[in-house]
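Observations on the three-dimensional arrangement
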Amino acid sequence: MKSIFIFLIMPFLLLAQAQKDSIRVFYLGGQSNMEGFGYVKGLPNSLKKKYSNVFIYHGNPAKDNDKNGGLGKWDLLEAGHGSGFSSDGKSNTLSDRFGVELSLAKKLQELYPNQKLAFIKYAKNGSSIDSIGTSGFGAWEPSFKGGKGINQYDYFLKTVNNAMAVKDINGDGIEDVLIPSGIIWMQGESDADKTEQIANQYYLNLKRLMELMRAAFRNNDLPVIIGKISDSGNDTDGKIWGFGELVQYSQEKFVATETNAAIVRTTNAYKYTDKYHYDNDGYIDLGLQFANTIFLLNNKKTQ
């Protein structure tokens with residue numbers, strides 16, 4: 001009788017072992033306007049929900065040389081993955097802020113019906129992609145090794161490698177195959193407010209960083225979407241970012257000369273809650289624009 005039971009159950013066991021879930025994964029990176037300074041309390045109800053079949057691995061944001069930087073844990077996406085979010089690698093602590101991830105997820109679910117989606121997020125407010133003039137917020141330049149030699153690029157690698165190493169991100173007993181589907185980058189303000197030299201280096205720094213990020217996902221043609229920086233003008237001289245035009249030019253040059261890259265420019269029309277950060281409507285719209293643009297790039301690749 002025992003041998004008959006084993007014979008009957010074996011096909012089901014083999015089927016369970018062979019079955020795998022395919023999940024599209026997008027990387028969200030940059031500084032504060034990617035980290036997210038929108039207020040959860042002001043969200044429409046349609047974005048306050050817990051998203052079924054949308055998962056997020058949010059690396060703990062930290063200044064350079066912090067051993068806890070980049071720690072994270074897969075979870076269902078919900079509001080609270082903005083500024084103030086933290087993780088110790090075992091549990092996630094949500095904040096009262098949000099970024100582009102909510103409207104991004106909602107729109108991507110419309111564009112990819114019946115497809116499970118995932119975000120890997122690591123962003124740090126105030127961080128620069130240059131190795132000098134970081135003002136203590138952090139540097140993404142891989143060769144920058146101040147202090148203990150741990151920087152934002154190291155946190156990026158830790159976040160991505162740990163996230164991609166998990167074989168069952170939703171704990172349903174079925175192995176997940178994560179398919180890298182794009183890099184979404186919102187950053188540049190901290191390279192535009194210091195010196196002309198740093199701003200002029202932005203194109204080369206961005207090109208190098210995106211090449212390394214694509215390599216981390218093992219796809220040198222992975223779609224890259226750049227969010228164009230804008231200026232609130234809330235300063236005595238009418239400019240927050242003294243060399244903002246140079247960084248904007250570099251962002252435009254990158255997407256014009258790089259294959260499979262695009263830029264979102266609607267940021268120029270957004271309102272601000274302070275000198276530096278968009279209001280709720282801005283973050284919501286930016287997520288929608290990122291979703292539409294990354295979808296078009298991925299669609300272009302398959303045509």
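Residues numbered from 1 in each chain as written. Predicted model: local features only at pLDDT ≥ 70, side-chain atom pairs only at ≥ 80, totals over all residues. Heavy atoms only, no water.

**Overview of the overall build of the protein chain**
Within the protein chain one finds eight helices and 11 strands. Scaling as 2.2 N^0.38, a compact globule of 303 residues should have a C-alpha radius of gyration of about 19 Å, and the protein chain matches this with 20 Å. Referenced to the eigenvectors of the C-alpha coordinate spread, the extents of the protein chain come out at roughly 85 × 40 × 40 Å. When the 303 residues of the protein chain are sorted by exposure, 50% land in the buried category. For the protein chain, contacts bridging at least 24 residues in sequence account for 73% of all contacts bridging at least 6. Element-wise, carbon and sulfur atoms account for 53% of the exposed surface of the protein chain, whose accessible area totals about 13,600 Å². Of note, the protein chain has its 34 positive side-chain charges centred 5 Å away from the centre of its 33 negative side-chain charges. (Helix = DSSP H or I, 4+ residues; strand = E, 2+ residues; numbered from the N terminus. Rg over C-alpha atoms; globule rule 2.2 N^0.38 Å. Buried < 20%, exposed > 50% of the residue type's maximum accessible area, 1.4 Å probe, protein only. Contact = heavy atoms within 4.5 Å. Areas by Shrake-Rupley, 256 points an atom, 1.4 Å probe, with all protein chains shown as cover. Lys, Arg positive; Asp, Glu negative; His and termini not counted. Charge placed at Lys NZ, Arg CZ, Asp CG, Glu CD.)

**So, the packing of aromatic side chains**
On inspection of all chains with the given rule, the structure shows 15 aromatic pairs. One aromatic cluster is present, formed by Phe98, Tyr270, Tyr272, Tyr278 and Tyr283 through successive ring pairs. In this arrangement the basic side chain of Lys49 is found over the ring face of Tyr51, its NZ or CZ atom lying 4.8 Å from the centre. Directly above the ring of Tyr203 sits Lys253, whose terminal nitrogen or CZ lies 4.3 Å from the centroid. (Phe/Tyr/Trp six-rings, centres within 6.5 Å; stacked < 30°, edge-to-face > 60°. Lys NZ or Arg CZ within 6 Å of the ring centre and 35° of its normal.)

**A look at the pairing of strand 10 (residues 224-227)**
Residues Val224 and Ile226 line one face of strand 10 and the alternating positions Ile225 and Gly227 line the opposite face, and both faces are buried. Relative to strand 10, strand 9 (residues 175-186) runs parallel, the two sharing four bridges. By the bridge assignment for strand 10, Trp185 is matched with Ile226. Pairing of strand 10 with strand 11 (residues 261-264) involves four bridges; the strand directions are parallel. Following the sheet pairing, Ile225 is matched in strand 11 by Ala262. (Pairing = 2+ DSSP bridges.)

**Details of the packing of helix 4 (residues 152-165) against helix 6 (residues 202-216)**
The contact between helix 4 and helix 6 brings their axes to 11 Å, and the two run at 20°. On the basis of their axis angle, the class for helix 4 and helix 6 is roughly parallel. Helix-helix and strand crossings are classified by hand; for helix 4 and helix 6 the assignment is right-handed. For the pair helix 4 and helix 6, the contacting residues are Tyr153, Phe156 and Leu157 in the first and Leu209, Leu212, Met213 and Ala216 in the second. (Axes fitted to C-alpha atoms, helices over the stretch in contact; angles between N-to-C directions. Parallel < 35°, antiparallel > 145°, perpendicular 65-115°, else oblique. Left-handed = near helix turned anticlockwise from the far one by under 90°.)

**A word on the side chain of Ser83**
Checked against the element boundaries, Ser83 lands in the loop between strand 4 (74-76) and strand 5 (86-87). Discounting residues that sit within four places of it in the chain, Ser83 has contacts with Glu35, Gly36, Phe37, Ser95 and Arg97.

**Topic: the nonpolar core**
By size, the foremost hydrophobic cluster in this structure holds 79 residues, and its most contacted members are Tyr27, Phe119, Trp185 and Phe290. At eight residues, helix 8 (residues 280-302) tops the list of elements feeding residues into this core. Sequence-distant contacts of Phe290, that is, excluding residues within four places in its chain, are made with Met34, Val100, Leu104, Ile184, Met186, Ile225, Ile226, Gly227 and Val264. (Core = buried A, V, L, I, M, F, W, Y, C linked by side-chain atoms within 4.5 Å.)

**Focus on the sheet that holds strand 11**
With respect to topology, seven strands assemble into an open sheet ordered 4-3-8-1-9-10-11, the strand pairing being mixed. At either end of the open sheet lies a strand with only one pairing partner, and these are strand 4 and strand 11. With strand direction ignored, the average angle separating the axes of adjacent strands in the sheet is 30°. Along the sheet, helix 6 contacts strand 1 (20-30), strand 9 and strand 10; its crossing angle with strand 9, the most-contacted strand, is approximately 175°. Docked against the sheet, helix 7 (residues 244-257) engages strand 10 and strand 11, running at close to 145° with respect to strand 11.

Such coordinate-based values are descriptive only and should not be taken to indicate function.
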